Structure formats: C-alpha cells, structure tokens
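Take a look at the letters that make up each chain.
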Amino acid sequence: MIQAYGLTSDSRKALPPAVDDVSFEAHAGRVTVLLGAPGAGKTTVLRLLLGLQQGRGLACFRGRPLHRVAHPSREVGVLLGDVPGHPARTVRGHLRMLCAAAGVAVRRADEVLEVVGLVGLRDERLGGLSRGMDRRLGLACALLADPHTLVLDEPADGLSGRESRWLHGMLRAHAEQGGTVLTTTADPKEAARVADRVLALEQGRLVADQEAADFARTRLRPRVAVRSPHAVRLAAQLTREARAAQRSVEVVQEDGNRLSVYGSSCADVGETAFRHGILVHQLADETGDMGPRAEPRAVMGKAVENEAVENGAPGDRAPRNTAVADVTAKIAPEDAGEASTESDPATARSLSAGSPPAVAPPEHPAPTGPALTGPALTGPALTGPALTGPALTGPALTGPALTGPALTGSAPMRPNPTGPDLADRPVGADDPRPESDAEPTAAPPSPRLPAARAPGDLPALPPPLSVRSAPTPLRPLRYEIRRATGISTGFLTGAAVLLVSAVTALVLGGAGHTAQARLLAAWPVQLPLPPAALGAGLLGALAFGDEFRHPALAADRGTVPRRLGVLTAKLLVAAVTAVALAFLTVGCDAEALYLVYGQELARVPADWMSLGASWLGLVVGCAWAGVLAAGVFRSTTAGLAAVLAVPVVVVPVVQKAVESASVRTAAGLSMRLRETLLVQWPFGGERYVDAAARVLGQPVGGAMALSLAALLCAYLLTTLRGRVR
C-alpha cells in the first residue's frame, strides 16, 4: 500500500504552494484515483510521492520510503508524461535497454510487449508512435520489472474509448492480483467508473476521500442535454410545466443554445418541445458533475428537493441563467413561500430568488453520534450545493472530515477544525470517539493525536523531501552497450570520422611537407586535434549527454545517476570505441594513401610503438574527457567543449611550464621503479613504462592527463555532494 503524510511542495516567492498538506492511503488490491482539474496539483503530488520534486512530507510504499528500497523499479512502476526515450530507438531496443537497468532477463521485454499489444510495433521507432501507442509503451515500461505498485499520471489521456477500456481492464487485473494502483484523471465520470476509492484535489488540497459508490452518489447526477435555437423559450416551458405538475426539475441555460435539464428525461423534454412547436437539434442523456465540493445538505424546516449544479469541472461551462422549479408533493406552489418562511425566512428568500439557501456556520462544533447519521440526513434532499458555498468554508468546517460519506449515513458526522491540535492528523484517520444517543460529551484524547501545544505554537513541519538520483543500473555494462548500439548515432559518427580523415590525409599527402606520423593520423598542424580524436570525444560526450537529454534511466527515479558503476561502464565502452576508431582511422588513411600515391606515403614509421601508444592515448583521452565533462556539466555540448579546451587552453599552459628551465630530468625511471618494487618487469615491461613516461612528458600528453584528473575529481565531488544532500 501507499501511505502519504503531509505532502507539501515548496512555494515560490509569494505564491502559495501547489500542493499543501496532502495525506492519503492507497490500499493493495484496489484502484485509487486522484481526481482534480488541470492545475489542481495531481502531478505534483505524484512527483512528491516519488521523490522527484523538492518539498516536505513522508511517503511510504509498503511501510518503507522509496529511497530505502533496494530495487525501486521492482517495487513501483511509474508512468509520468510521455516515454522519455531517444526518438531513433526502437520499441524493443528501448525495453531491452531498460531490462539491463532493472536487472531482469531480456525475454521480459517480449513478454510485456505481448501483454500491452505492441508485438507488431516492436521494430517501430519511438519518434513515430502515436499517442495511444506511446501510452501502451509507457505501461510496458512500468510493468517491466513486475512491480507491486503502479503510479500512473493521466494514463488514459488522448486514448480512444476502446483503448481506455483496455487500459482500465489492465489496471483492474493488476489490482485483483494484489497490487496497488494509483492513477490520476480530470474526468469525474472516468474516476467513478474505474476507481474503488476517489481522492478529490482542489487548488492543491485534498477536499474529499470517498468510496467510488459514495462519490458517484454525491457528485454525479444524470441530466438531459438539449440544443435548440429557442433555448430560452424551451427553458420557460419546462419550468412552467414542472411547477404545474409539482415535480422537481432544474433547467440550466448554458452558453449558446445549450440547456441542461436535471430531474427529467429525454421523453418528457421531447414531448414538451413537440407540444409547443419548438425545434430541437440535440436531445441526449448525460451525467453531470457537481464539482469537487459537492456534499449532502440539510434545509431547516420541511424538505425541499432543490438540486443545483455549482463548482463544475473545468470541462463543464459555467451556467449563464438558471430556472429552478422546486415543488414538493405536499406543498402547493402558492404555499411554498409561506411554509419555508415559517421554518427559516432566510431559506425562503433564497429559494424564491432561484438560488440555493445560505446556511450560517454553527457557533459550536457539531455533535457526534447516530442522531446525525440516520436517513433523515440522506437522500436527494441533501445532495445539493447548499453546503458548498462560502458560508461553510471558514476555518470551523474545512478539511476532509466534512467530505465523503461522513454526511451520507455511512459514518457519524464529526467536525474537523483546522486548529493546531488537529493539524497533523492524517486525512481519513478513524475517529476513536464512541457513538452515543445521549448528549455529546467531551471525547477522550486519541492516541493518534500529537501532544498538546500552547496556543500560537506552530505544528511540527513534516520532514523535507529532496530529489534523489536514480539507482545504478543492476547491469551497467550491459545497459551501456545496449544504449550505445541501440541507435545509429555512433555508427554514423564513426563513418563520418573515417571519411573526413581519409580526405584530409589525401589532401596532406598531395601538399607534401607533412610528417609521416601526422599523415597517417590525418592531423594537420593548423588543427588542434585530428578527426579521430574529435569523433572519439563526441561519442564520449554523447554517452552522458543522451542520458540527460532523454532520461530513460531516470524518468521515474529522479536525476540521472552519476555513480561509479555507471561511470566505469561508460569509460570502458568509450575506451573500446575509441581504440577501434583509432585503428580504423589509421588503416583507412594508409589504404587511401596507398591507392592514390603508392607505397611511399603508406609506409610504417620506424618508431611505430611509441607513436602508436601516443596515438591511442590521445584518442582514448579525448573520449574519456568527453564522458567526464558531459557527466559533470550534464550536456553533450559541454563535453565536446572540454575536449577542444585541452589542446587550445591546457596544452599551451603545460608547454610553457615544460619549456622553462629544468635542472634535472626523469631519465632511467623504469630501472629505478624496478629496484624500488623489487620485481622483474614481465615481457620487457621497461619499454612500455618508458613509452608511457615519454607520452606523459609531452605537452599534449601531460595536458590530457591533467585534464582527465581534474574532470575525474569534479565528477567524484558532484557524486559525493549529491549523496550528502
């Protein structure tokens, strides 16, 4: 189950927080729907729940915070917005990549594709999926690790009716298997049709926590939708006939030529229009929404069946004119005003004006007990908006205790003041006070309530929520290989590097006056780096840049993980790619020079070993610099800029330091190392150590080593700082 306590988002400047003190529970085996208009705070609640947004509060999944779960993807499956994957990646490749991150078998990708019905589109690119197919792919990603809990934000948004029914069936099947489902929607009718429990949000606060049956009874009402060019005349005739027949009918004239008739049927409205010769363009049964604060109401005196529509959902247009016919079977139209005046003059004046009566807030808290829970307080006479106006929205009657089934006969009614003594109480908590037919007395203190505080003391704030990075993929090397090979960017970059390098080598060979080593590497003196080094740096920068641009790994777990496991996998894959690119570049350049100019320009230099080590060190160093810089600065552009900064900025500084006067040199380093370590270098290791020392002694080699050390320290610093936060 999901338990949320005091979820509150951080406010910006003088604006109120988008979510303020939201507490609820979503039980296993049930579908819980978070209902609210656009902008009510549904997505913010989910992001706070998952630790994707800073704020305050506490969220537990089966009793544990999400950051303390060893494998979050196996506990919670999340769908927030569109699927954040590279548009050039295939559906099957995307799921196989996520399988490596979640540590599940690769065959699981094909299984979930079959479950969501995407087997025929497994080779389709993510950028070419329709809205419905994207929703299916998002559900497949959420189900990939077989989680216990599903948290979905507007999963049916943009789907057709058939796709919505399929999606709701999937959610119901997951709940029936013992899982927990928490989803959001802005459609009250969809919430009543899908959910077992409905949580209503309004302006960032929880205003109702109801069972689906209670929600449908207290908020949704059947109505007849009518469109006619003579809407005003038809409304007057319907009102007149309802008063004559002593029936409760409400006619709401909306914008344009549309009418909403409550308390009648299509047959009655059509017969009225036919008798009076009124043209009708549309006549259909619908279900109207009474708004998030719809509650049962009581009118002092005799019951009057007066149902109105206020505080409608954003999809319903605000009524422009309302004609109400409120007549009971016992009170004649001419006597209704007198009977209402005897019971409550204010109520009579309100009813005579065609608006719901205003009820003054009580001076003292309402008593508890079954005396207020009988059938006298239920039924259609108590389902109007009389208790939703400003008169009952003061501090004495706000909070979730006056919403839901508390006033419909299923539970005793109790007040819920928002003073400091009850400010920390979770929404939906059971009231431990006993029920009695006698006069209400002071209830004993509940063990759930916090300790008493002095007047004026502020309640204790909930613990802060911080954005946490996603956990390291369980199989990082396999994940990185599938990420790099799943799109064609790396292959196209390599092909472009080989082509540019070959052309550059041919141009340099034709011009002459170029050293053989630079000729094979296609490295003109005028350029800071050869094409192969630039290409390796670009591929290294893309290794982390794509993670931040298309955060498939961290879409539902916070920021992209900058852990040592991910870094090691990316450095290893980048090094292998750079070495392959370096060998292919030299081979292609030599073959192109041989074909065009002959054997003379394609010969191998005598000191090929030291030159090869320098060449491999340069290309691999550029690739690693791109990986580290992109991981530190979260951008591919920053990674490539760091690669170019090494020869342009760092090399001149190192070269100037090397050219300064030096009294001693490091000659004979390998021999002294062997004497110090008391071991014999295997396979002539002295030569390799001398070659590495000479590479580091060069300006470019020293600058690359210095840059890599600085970037690695910066990466480790950002990682440690994130863990401390």
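This is a predicted model, so every value here is computed, not measured. (Residues numbered from 1 in each chain as written. Predicted model: local features only at pLDDT ≥ 70, side-chain atom pairs only at ≥ 80, totals over all residues. Heavy atoms only, no water.)

Q: Could you give me a rundown of the overall build of the chain, with the residues and numbers involved?
A: Scanning the chain from N- to C-terminus turns up 22 helices and 15 strands. Taking all 725 residues of the chain together, 44% fall into the buried category. Contacts in the chain between residues at least 24 apart in sequence constitute 74% of all its contacts with a sequence separation of at least 6. When the accessible area of the chain is evaluated, it comes to approximately 35,600 Å², of which 59% is carbon and sulfur surface. (Helix = DSSP H or I, 4+ residues; strand = E, 2+ residues; numbered from the N terminus. Buried < 20%, exposed > 50% of the residue type's maximum accessible area, 1.4 Å probe, protein only. Contact = heavy atoms within 4.5 Å. Areas by Shrake-Rupley, 256 points an atom, 1.4 Å probe, with all protein chains shown as cover.)

Q: Which residues make up helix 6 (residues 161-176), and what values go with them?
A: With 16 residues, helix 6 ought to run about 22 Å at 1.5 Å a step, and its terminal C-alpha atoms sit 22 Å apart, in line with that. Inspection of helix 6 places Glu163, Ser164, Leu167, His168, Leu171, His174 and Ala175 among the buried residues, and these make up the whole buried set. One face of helix 6 carries all of its buried residues, which in axial projection span an arc of 135°. Those residues of helix 6 that are exposed and angled more than 90 degrees off the buried face are Arg162, Arg165 and Glu176. (Expected span 1.5 Å × (residues − 1). Arc of directions from axis to C-beta.)

Q: Describe a nonpolar patch on the surface, and please don't skip the residues or the numbers.
A: A cluster of nonpolar side chains, namely Leu477, Ile481, Leu572 and Val576, defines an oily patch on the protein surface of about 340 Å² accessible area. At the level of elements, helix 13 (476-485) and helix 17 (564-597) are the ones that each hand at least two residues to the nonpolar patch. Mapped onto the elements of the fold, Val576 is located in helix 17. (Patch = residues over 30% accessible without salt bridge, like charges linked within 9 Å, V, L, I, M, F, W, Y side chains within 5 Å. Salt bridge = Lys/Arg side-chain N within 4 Å of Asp/Glu carboxyl O.)

Q: Got a sec to walk through the environment of Glu163? Specific residues and values, please.
A: As for its placement among the helices and strands, Glu163 is situated in helix 6. Taking the C-alpha atoms as reference, Glu163 lies 7.3 Å from Gly132; in sequence the two are 31 residues apart. Not counting residues up to four positions away in its chain, the partners in contact with Glu163 are Gly132, Met133 and Arg136.

Q: An account of the pairing of strand 6 (residues 149-152) is requested, with residue identities and associated values reported.
A: Burial along strand 6 is two-sided: the residues Thr149 and Val151 and Leu150 and Leu152 are all buried. As paired strands, strand 5 (residues 76-79) and strand 6 are joined by four bridges and run parallel to one another. Each residue of the ladder has a partner; that of Gly77, found in strand 6, is Leu150. Of the pairings in the sheet, the one linking strand 6 to strand 7 (residues 180-185) comprises four bridges and is parallel in character. Across the sheet, the residue bridging to Leu150 is Val181, located in strand 7. In this fold, the crossover linking strand 6 to strand 7 by way of helix 6 has right-handed handedness. (Pairing = 2+ DSSP bridges. Right-handed = clockwise from strand over helix to strand, strands pointing away.)

Q: Please give an account of the packing of helix 16 (residues 531-549) against helix 18 (residues 608-633) that cites residues and values.
A: Running from N to C, helix 16 and helix 18 point in directions that differ by 25°, and their axes come no closer than 7 Å. It follows that helix 16 is roughly parallel to helix 18 by the angle criterion. You can see that helix 16 and helix 18 cross each other, and the crossing is right-handed. Where helix 16 abuts helix 18, its residues Ala532, Ala533, Ala536, Gly537, Gly540, Ala541, Ala543, Phe544, Gly545 and Phe548 lie against Trp615, Leu618, Val619, Cys622, Ala623, Gly626, Val627, Ala630 and Gly631. Per-class residue counts for the contact of helix 16 with helix 18 are 14 nonpolar, five polar and no charged. (Axes fitted to C-alpha atoms, helices over the stretch in contact; angles between N-to-C directions. Parallel < 35°, antiparallel > 145°, perpendicular 65-115°, else oblique. Left-handed = near helix turned anticlockwise from the far one by under 90°. Nonpolar A, V, L, I, M, F, W, Y, C, P; charged D, E, K, R; others polar.)

Q: So, the sheet that holds strand 7: which residues are in play, and what are the values?
A: Read across the open sheet, the six strands follow the order 5-6-7-3-8-9; overall the sheet is mixed. A single partner strand is all that each edge strand has here, and the edge strands are strand 5 and strand 9 (205-211). Strand-to-strand twist of the sheet, defined as the mean angle between neighbouring strand axes without regard to direction, takes the value 15°. Strand direction decides the pairing type here: strand 3 (residues 31-35) and strand 7, joined by five bridges, are parallel. Residue pairing in the sheet places Val31 in a bridge with Val181 of strand 7. The strands touched by helix 1 (residues 42-50) are strand 3, strand 5, strand 6, strand 7 and strand 8 (197-202); relative to strand 7, the strand with the most contacts, the crossing angle is about 150°. Along the sheet face, helix 5 (residues 131-143) touches strand 5 and strand 6 and points at about 160° away from the line of strand 5.

Q: Just give me the short version of helix 10 (residues 266-275), but keep the residues and values in it.
A: Residues of helix 10 that are buried include every one of Cys266, Val269, Thr272 and Ala273, and no others. The buried residues of helix 10 all sit within an arc of 135° when viewed along its axis, so they share a single face. Of the exposed residues in helix 10, the ones pointing more than 90 degrees away from its buried face are Phe274 and Arg275. The first or second residue beyond helix 10 is Gly277, which carries a positive phi of 65°.

Q: Please give an account of the packing of helix 17 against helix 18 that cites residues and values.
A: Between helix 17 and helix 18, the least distance of the axes is 8 Å, while the angle of their chain directions is 140°. Classed by the angle they form, the pair helix 17 and helix 18 counts as oblique. Taken as a pair, helix 17 and helix 18 cross one another with a handedness that is right-handed. Every residue of helix 18 that contacts helix 17 at Leu567, Lys570, Leu571, Ala574, Ala575, Ala578, Val579, Ala582, Phe583, Thr585 and Val586 is listed here: Trp615, Leu616, Val619, Val620, Ala623, Trp624, Val627 and Leu628. Class assignment of the residues belonging to the contact of helix 17 with helix 18 gives a composition of 17 nonpolar, one polar and one charged.

Q: Tell me about the side chain of Asp589, and please be specific about residues and values.
A: Mapped onto the fold, Asp589 is located in helix 17. Despite its burial, Asp589 pairs with no opposite charge; the closest candidate is Arg518, at 12 Å N-O. A distance of 3.3 Å separates a polar side-chain atom of Asp589 from the backbone nitrogen of Ala502. (Lys, Arg positive; Asp, Glu negative; His and termini not counted. Polar contact = N/O pair within 3.5 Å; in protein donor to acceptor, adjacent residues only side chain to side chain.)

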